[in-house]
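# Residue-level structural notes
Each chain, written out:
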Amino acid sequence: MNVKYYAKDMQDALAKIKKELGPDAMIISSKQVRSKSGLFGFLSPKVYEVIAEYDPVKMQKPREIKVPKPDIRPLKSEKIDSAIKQAQLVEKKQEKRTMEELDNKIDQLSDIIQNFSTKFEHIKKDVTYDYVPSVENILMRLVEKDVDEEYAHDICSRISELMEKKNVFHIEALDHLLREIIGDVAQIEPNKFERKIVMIVGPTGVGKTTTLVKLASYFVVKQELKVGIINTDVYRVAAQEQLKTYAKILNVPMATVYKPSEIKTALKEFEEMDLVFVDTAGKVSDDKEYQEDVKAFIEEGSVDEIYLALSGSSSSKILKDTINNYAFLKKHNIIVTKMDEGISNGVLINIKMMSGRPLSYVTVGQSVPDDIQKVDVSAIISDMVRY
């Protein structure tokens with residue numbers, strides 16, 4: 001049978017084992033542990049946990065046989081010495097394991113501190129500034145919310161200037177600047193007596209077709225308008241089938257055109273519509289032939305409004321490249337998709353400062369038509385100042 005003992009040291013443990021279990025008891029393991037008392041156990045003293053094995057039969061007092069003392073002493077001494085050596089060996093192994101675990105935890109903590117320090121130093125790299133503490137806090141908050149460092153410093157420099165010249169509170173200055181940077185939010189406003197044609201453009205994989213369906217569904221279901229859909233994406237069968245399925249569900253007419261010259265014919269069939277949404281192919285945005293096709297569809301279809309769909313989960317480099325590649329569209333608004341994928345609101349500030357174009361909608365899930373929302377300027381600002 002096994003019995004577990006707790007003692008302040010091995011000598012104390014051996015004394016207890018000897019007294020209660022007798023000299024035939026064997027130590028099978030020992031280790032240092034913390035007692036359960038104290039603050040979550042972290043500040044409690046260490047004790048030895050010793051597990052001893054004994055034979056209950058041998059513990060019974062012998063009725064007649066007496067073991068001579070000279071024979072007991074050497075045996076008892078040998079077993080105790082052996083147990084001590086075994087316990088010390090186990091203790092050393094346990095201490096080594098504990099130290100290795102502690103070293104690993106220290107290394108992990110050092111990595112966390114190093115990453116934070118590196119990030120902070122990177123923010124300061126090649127930038128000369130002298131912000132007061134309140135503005136430094138804003139800088140760290142903006143970077144934490146994924147605002148690009150360049151834009152974060154630009155905002156903080158302007159905040160410092162406003163605080164100095166206008167004697168305003170730092171939060172007031174931040175609120176003012178963000179409202180100025182984001183500007184007016186664009187949204188689709190149907191004409192009362194005239195059809196409006198809206199085109200959705202953007203690179204592959206950002207969710208253009210799903211976004212178009214959400215917008216169409218909103219105006220059909222929520223505003224009870226007459227809506228038509230024109231598909232110009234003839235490269236992806238899946239996109240055509242997706243549009244056909246939703247068009248059938250919404251009970252709206254849909255047409256597919258294969259070249260710009262055909263869009264006028266399709267639009268004649270939709271003369272009674274309040275809104276017509278035009279879906280486009282998601283080819284590589286710097287493809288010159290693709291750009292010419294898009295411009296031709298816009299011209300032939302007399303498109304009223306263009307919305308560029310960008311994924312909020314894209315890197316800053318990809319966003320910049322995409323925005324530059326679509327600069328051939330002189331007038332367009334921006335929809336930011338996939339904001340439900342753990343994306344911080346800072347990406348909206350980045351996109352606005354990169355493009356200079358009006359923000360319009362964000363998509364926050366796959367549900368149609370609910371998971372599309374107009375950009376909420378107050379919510380973005382509230383998120384930036386909450387630190």
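## Notes on the overall build of the protein
For the protein, the count of helices and strands is 13 helices and 11 strands. Pairs at least 24 apart in sequence give 73% of the contacts found in the protein among residues at least 6 apart. Total accessible area computed for the protein in this model is approximately 22800 Å², and 51% of it derives from carbon and sulfur atoms.

## Section: the pairing of strand E4 (residues 196-201)
Among the six residues in E4, six count as buried, and that is most of the element. Burial of the side chains of E4 extends over both faces: Lys196, Val198 and Ile200 are buried on one face and Ile197, Met199 and Val201 on the other. Where E4 and strand E7 (residues 275-279) come together, five bridges link them in parallel fashion. Note on E7: the bridge partner recorded for Lys196 is Leu275. Of the pairings in the sheet, the one linking E4 to strand E8 (residues 305-311) comprises four bridges and is parallel in character. Looking at E8, one finds that Val198 is bridged to Glu305.

## Overview of the sheet that holds strand E3 (residues 46-53)
Taken together, three strands build an open sheet; the order of strands is E1-E3-E2 and the sheet is antiparallel. In the strand order of this sheet, the two ends are held by strand E1 (2-7) and strand E2 (26-34), each with one partner. Adjacent strand axes in the sheet meet at a mean angle of 20°, parallel and antiparallel pairs treated alike. Taken together, the six bridges between E1 and E3 define a ladder with antiparallel strand orientation. When the sheet's bridge partners are listed, Ala7 is paired in E3 with Tyr48.

## Points about the confidence of the model for the protein
Chain-level statistics for the protein give a pLDDT mean of 82 and a share of 79% at 70 or above. When pLDDT is averaged over each helix and strand of the protein, the minimum, 58, is found for helix H3 (residues 69-124) and the maximum, 97, for strand E9 (residues 333-337). Counting contacts from residues 70-76, a segment whose pLDDT is below 50, to residues more than four positions away or on other chains yields three contacts.

## A few points about the side chain of Lys214
When you line up the elements, Lys214 lands in helix H7 (residues 208-222). Despite being buried, Lys214 has no salt bridge partner; Asp371 is the closest side chain of opposite charge, sitting 5.4 Å away. Reaching out from Lys214, the side chain makes a polar contact with the backbone oxygen of Gly365 at a distance of 2.3 Å. Discounting residues that sit within four places of it in the chain, Lys214 has contacts with Thr363, Gly365, Gln366, Ser367, Val368, Pro369, Asp371 and Ile372.

## Describing the environment of Lys338
Mapped onto the elements, Lys338 comes out in the loop between E9 and helix H12 (346-355). Judged by relative accessible area, Lys338 falls into the partly exposed class, the value being 25%. C-alpha separation for the pair Lys338 and Gly365, spaced 27 residues apart in sequence, amounts to 6.8 Å. Setting aside anything within four residues of it in sequence, one finds Lys338 in contact with Gly205, Val206, Ser311, Ser313, Ile343 and Thr363.

## Regarding H12
Most of H12 is tucked away: nine of the 10 residues are buried. Turning to H12, its buried residues number three or more, namely Gly346, Val347, Leu348, Ile349, Asn350, Ile351, Lys352, Met354 and Ser355. Following H12 by one or two positions, Gly356 adopts a phi angle in the positive range, close to 70°.

## Some words on the nonpolar core
Across soluble globular proteins, nonpolar side chains have a tendency to be buried as a group. Within the largest apolar cluster, 61 residues are counted, with the highest numbers of intra-cluster contacts made by Ile230 and Ile351. If you tally residues by element for this core, the top one is helix H6 (residues 170-182), at six residues. Look past the residues within four positions of Ile351 in its chain and what remains in contact with it is Leu310, Leu319, Ile323, Ile334, Val336, Gly356 and Leu359.

## Some remarks on the packing of H6 against helix H13 (residues 377-385)
Contact geometry of H6 with H13 gives a least axis separation of 10 Å together with a crossing angle of 140°. Accordingly, the angle class assigned to the pair H6 and H13 is oblique. Note on packing geometry: the crossing formed by H6 with H13 is right-handed. For the pair H6 and H13, contact is made by Ile171, Leu174, Asp175, Leu178, Arg179 and Ile182 and by Val377, Ser378, Ile380, Ile381, Met384 and Val385, respectively. Residue classes in the contact of H6 with H13 are distributed as nine nonpolar, one polar and two charged.

## Concerning the packing of H7 against helix H8 (residues 237-250)
How two helices sit against one another is set out by the angle between their axes and by the gap between those axes. Remark: H7 packs on H8, axes separated minimally by 11 Å, with the N-to-C direction vectors making an angle of 10°. Taken as axis vectors, H7 and H8 run roughly parallel relative to one another. Contacts between H7 and H8 involve Thr209, Thr210, Leu212, Val213, Ala216, Ser217, Val220 and Val221 from the first element and Ala239, Gln242, Leu243, Tyr246 and Leu250 from the second.

## As for unusual backbone geometry
Of note, Ser302 is a non-glycine position whose phi angle comes to about 50°, a positive value. Mapping Ser302 onto the fold places it in the loop between helix H10 (288-300) and E8. The backbone of Lys338 shows a phi angle near 60°, a positive value even though the residue is not glycine.

Rules and cut-offs
- Residues numbered from 1 in each chain as written.
- Predicted model: local features only at pLDDT ≥ 70, side-chain atom pairs only at ≥ 80, totals over all residues.
- Heavy atoms only, no water.
- Helix = DSSP H or I, 4+ residues; strand = E, 2+ residues; numbered from the N terminus.
- Contact = heavy atoms within 4.5 Å.
- Areas by Shrake-Rupley, 256 points an atom, 1.4 Å probe, with all protein chains shown as cover.
- Buried < 20%, exposed > 50% of the residue type's maximum accessible area, 1.4 Å probe, protein only.
- Pairing = 2+ DSSP bridges.
- Axes fitted to C-alpha atoms, helices over the stretch in contact; angles between N-to-C directions.
- pLDDT = per-residue confidence, 0-100.
- Lys, Arg positive; Asp, Glu negative; His and termini not counted.
- Salt bridge = Lys/Arg side-chain N within 4 Å of Asp/Glu carboxyl O.
- Polar contact = N/O pair within 3.5 Å; in protein donor to acceptor, adjacent residues only side chain to side chain.
- Core = buried A, V, L, I, M, F, W, Y, C linked by side-chain atoms within 4.5 Å.
- Parallel < 35°, antiparallel > 145°, perpendicular 65-115°, else oblique.
- Left-handed = near helix turned anticlockwise from the far one by under 90°.
- Nonpolar A, V, L, I, M, F, W, Y, C, P; charged D, E, K, R; others polar.

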